[in-house]
Amino acid sequence: MDFVLLPIVLLAAFLNGYGIWNDQYANSYYTTAVGSMLSNFHNFFYASLDSAGSVTVDKPPVVFWIQTAFAYVFGLHGWSVILPQVLAGIGSVLLIYFMVKPTYGLAAARISALAMATVPVVAAVSRTNNIDSMLVFTLLLGSWFLFKGSKQGSAWRILVAFGLIGVAFNMKMLQAYMILPAFYLFYLLAFQAKWRRKIILMIGSTAVLAVVSLSWAVTVDSIPEDQRPYIGSSETNSVMELAFGYNGLARLTGQQKNIAGNAGMPNGIGQGNNRGNRGDSTSSPNQTGSGVTEAGQDVDAPDNDNMNGSNGLNAMGGMNRPNGNFPNGQMLNDMEMPNGRNFGGNGGGGMFGTGVKGPLRLFQTELSGQASWLMPVVLLGCIAIFAGLRRRNITSKHKEALFWLAWLLPVAAFFSVAGFFHQYYLIMLAPPLAALTGAGFVAMWKSYRDRVGWQAWLLPVSLLLTTLFGWYIMQVYNDTIGAGWSISELIAGILVTVILVVMLHRTHRWKQGFIIAGFMVMLIGPIYWAFTPITYGGNSMIPAAGPTGSNGMFGGAGMGMPMGNGAGDTEMPARGGRGGMGSRNEEVDTATLNYLKEHNTGETYLFATTDYNQAAPYIINEKAAVITLGGFSGSDPVYTTEELEELVKSGQVKYFMVGGMGGRGGNSEITDWIKEHGTEIPMSEWKTGRDSGSMDNGDTENEAGLGFEIGFGFSGQTTLYEVKL
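For the structure given in this document, a descriptive report is provided here. (Residues numbered from 1 in each chain as written. Predicted model: local features only at pLDDT ≥ 70, side-chain atom pairs only at ≥ 80, totals over all residues. Heavy atoms only, no water.)

1. Re the overall build of the protein chain
Broken down by element type, the protein chain carries 28 helices and five strands. For the protein chain, the proportion of its 725 residues judged to be buried stands at 61%. Counting only contacts in the protein chain whose residues sit at least 6 apart along the sequence, the fraction spanning at least 24 positions is 74%. Just so you have it, the protein chain exposes about 25,800 Å², and 60% of that area is on carbon and sulfur atoms. (Helix = DSSP H or I, 4+ residues; strand = E, 2+ residues; numbered from the N terminus. Buried < 20%, exposed > 50% of the residue type's maximum accessible area, 1.4 Å probe, protein only. Contact = heavy atoms within 4.5 Å. Areas by Shrake-Rupley, 256 points an atom, 1.4 Å probe, with all protein chains shown as cover.)

Right, here's the structure in full:
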């Protein structure tokens, strides 16, 4: 047993798991689906968002199946649906270790495992119920089978490897295919067999990949639409279209036209149903001023992937002001976005800090803190690995390094030009960066030790460049974390670099100790950033690492030790760990619950709502049967007015909640029908005090007319209607 590995695993467990018990709902969009999936097999199979099985979440079901299994065993809690991702993050660290060790040695394996455990975005994502941590674990498991199968000439392991990529497709669709170039390249280079057998096995593996990938999608699409839920966030009620459209090409182009009417945008965006009811893609003429997009305008849709783009706020109905979104172009309390810069101006960093498209995007302040810290080490380490490459002497080290590069480079290229993604997607970079850090650092270490010409200089140069890059990332946040961190890291890095240069042609017993110290200096920044979801609070909807990672516009701090940010009034008010962006995560209103139960006359569903946030606490906490009328955004054409009428006449539902999230109910025809046929229930009869969705942040904000309730449009008036036909 490697006793050095144990503290690395414990570190990963702490970073991924500490404080998850404080997150009441986690990502409530997914937790609500798990609550619905627990009720029956129909909802379980389709990953239905609501109790009625009327609309799915916007991702395939495999991760939600796993989360539902955990919730079935441990009960439905925020921590129970996060736990699978915590374990997946730990498992990824172990897989990196066991994949690197056989070829590059024990030291490289330890370094790679430590690097993987401390990639900030890995820690941020693995402590939420978002899909990506489980996705990366599955891809790494497939890679492990690929390595084993290629080395042993085992056909069944190769088939399993490609089959696991198919399983990963059923987690997050085309994102899983980003590593296929690496799979095919390594297979062709490393699998020892005659070319005829190799080609036949590759064709068979591709067939397995296709069958496993498309099994659920084809099955669902082949079922008549009236016998299954609407496919959330799709345009044509098709899983295949969702996979290759919204979850596929649209990620690259950023063109989210007519998808859920800017799903998730509070107060107006999506109030009109851009797609209309089923089969009708036209919009009402009078929707012009309510958030309906103009031709050619980018629209960002559900899956918590909303409002990406530098001008996102200008589209938010509740935030527009005569002189911009906020006074002097700043948000309330000088809040910052995850990129560490004041938000509200016309910067080009994108609403969620995804930087400006270009070859250096991953090195920009907006993204570099998530996963890019050790890129200089990886770059120079690869030079050291391939320095001795000869045409007839391609070793396992070269082949595996090519695998990791073939994973890293296409993914990095995608995120350098993609128009629609979030910071936490960068977890896809973590495995190749970690593996190449270990392999490359040890290669440079050996060249330095053996004084191999110019290659001996790679180690001190990589230490200096990585230290400078770490300072560049951290110094942006000096006002938040204090200048001591960035300056200390810079001084320590320069000092150790000078010592290594001086010792290059000398023999000293402390030489190896200084090399280890140099590597630990390079980890100062990543480790600090990896701890920030704990020390500053996390964001379950849009996770990101960094001192302001929880201060995304709808950030939900509190999933750890809310220590503040050290910058006085710039701290975001704590939310008590109830998730983050895109969701108010309301709590159950006892008065509402009692009223609905007392006046239920045998209806199947307690109520129906245009806003899934209204349904979430009742489904999660009370296991109540609730209908969501429009998916994530409220704009999915789940029901026609005829179908809604039939639900009421058949005695399945009679109460409807309309509004919330600034009136985010996206299907205006459905909303109008409810208002026309329903009787409004006085709020005093069914609701406790003011609207539970409001967030009072003090008299100063409200006096300015810019409190969350007004300025953000989060808690628009919720109205309860009783419909009897």
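2. Comments concerning the side chain of Asn 613
Here Asn 613 is to be found in helix α23 (residues 612-621). At 3.0 Å, the side chain of Asn 613 and the side chain of Asp 611 are in polar contact. (Polar contact = N/O pair within 3.5 Å; in protein donor to acceptor, adjacent residues only side chain to side chain.)

3. Topic: the packing of aromatic side chains
What the rule picks out here adds up to 45 aromatic pairs. Note on Phe 414 and Phe 415: the rings are 5.3 Å apart at their centroids and 75 degrees apart in plane angle, and the pair reads as edge-to-face. On the basis of relative accessible area, Phe 414 is assigned to the partly exposed category, the value being 21%. Counting every residue linked through ring pairs, the aromatic cluster contains Phe 147, Phe 162, Phe 183, Tyr 184, Phe 186, Phe 403, Trp 404 and Trp 407. (Phe/Tyr/Trp six-rings, centres within 6.5 Å; stacked < 30°, edge-to-face > 60°.)

4. Side note on the pattern of salt bridges
For the structure shown, the criterion picks out eight salt bridges. Between Lys 172 and Asp 132 there is a salt bridge whose closest N-O contact spans 2.9 Å. With Lys 172 in helix α9 (residues 155-172) and Asp 132 in helix α8 (residues 132-152), this residue pair connects regions lying 40 residues apart in the sequence. No difference in accessibility class separates Lys 172 from Asp 132, as the two residues are buried. We note a salt bridge from Glu 400 to Lys 151, for which the minimum N-O separation is 3.1 Å. One end of the pair, Glu 400, is in helix α15 (residues 396-417); the other, Lys 151, is in helix α8, with 249 residues separating them in the sequence. Residue classification places Glu 400 among the buried residues on the basis of a relative accessible area of 1%. The network of salt bridges with common partners includes Lys 654, Glu 722 and Lys 724. (Salt bridge = Lys/Arg side-chain N within 4 Å of Asp/Glu carboxyl O.)

5. Digging into the nonpolar core
One finds Trp 404, Trp 407, Met 428, Phe 441 and Ile 674 to be the most contacted residues of the largest nonpolar core, which totals 163 residues. The residues touching Ile 674, leaving out its near neighbours within four places in the chain, are Leu 629, Leu 644, Phe 656, Val 658, Tyr 721 and Val 723. (Core = buried A, V, L, I, M, F, W, Y, C linked by side-chain atoms within 4.5 Å.)

6. Comments concerning a negative patch on the surface
The grouping of Glu 642, Glu 669, Asp 672 and Glu 676 at the surface amounts to a negative patch. For the negative patch, the element with the most residues is helix α25 (residues 668-677), which contributes three residues. Positionally, Glu 676 belongs in helix α25. (Patch = residues over 30% accessible without salt bridge, like charges linked within 9 Å, V, L, I, M, F, W, Y side chains within 5 Å. Lys, Arg positive; Asp, Glu negative; His and termini not counted. Charge placed at Lys NZ, Arg CZ, Asp CG, Glu CD.)

7. Observations regarding the pairing of strand β5 (residues 718-723)
Among the six residues in β5, six count as buried, and that is most of the element. Taking every second residue as pointing to the same face, both faces of β5 are buried, with Thr 718, Leu 720 and Glu 722 on one and Thr 719, Tyr 721 and Val 723 on the other. With five bridges connecting them, strand β3 (residues 655-659) and β5 associate as antiparallel partners. Residue pairing across strands places Met 657 opposite Leu 720, the latter belonging to β5. As defined by bridge partners, strand β4 (residues 678-680) adjoins β5 across three bridges and the pair is classed as antiparallel. The residue of β5 that forms the bridge with Thr 679 is Glu 722. (Pairing = 2+ DSSP bridges.)

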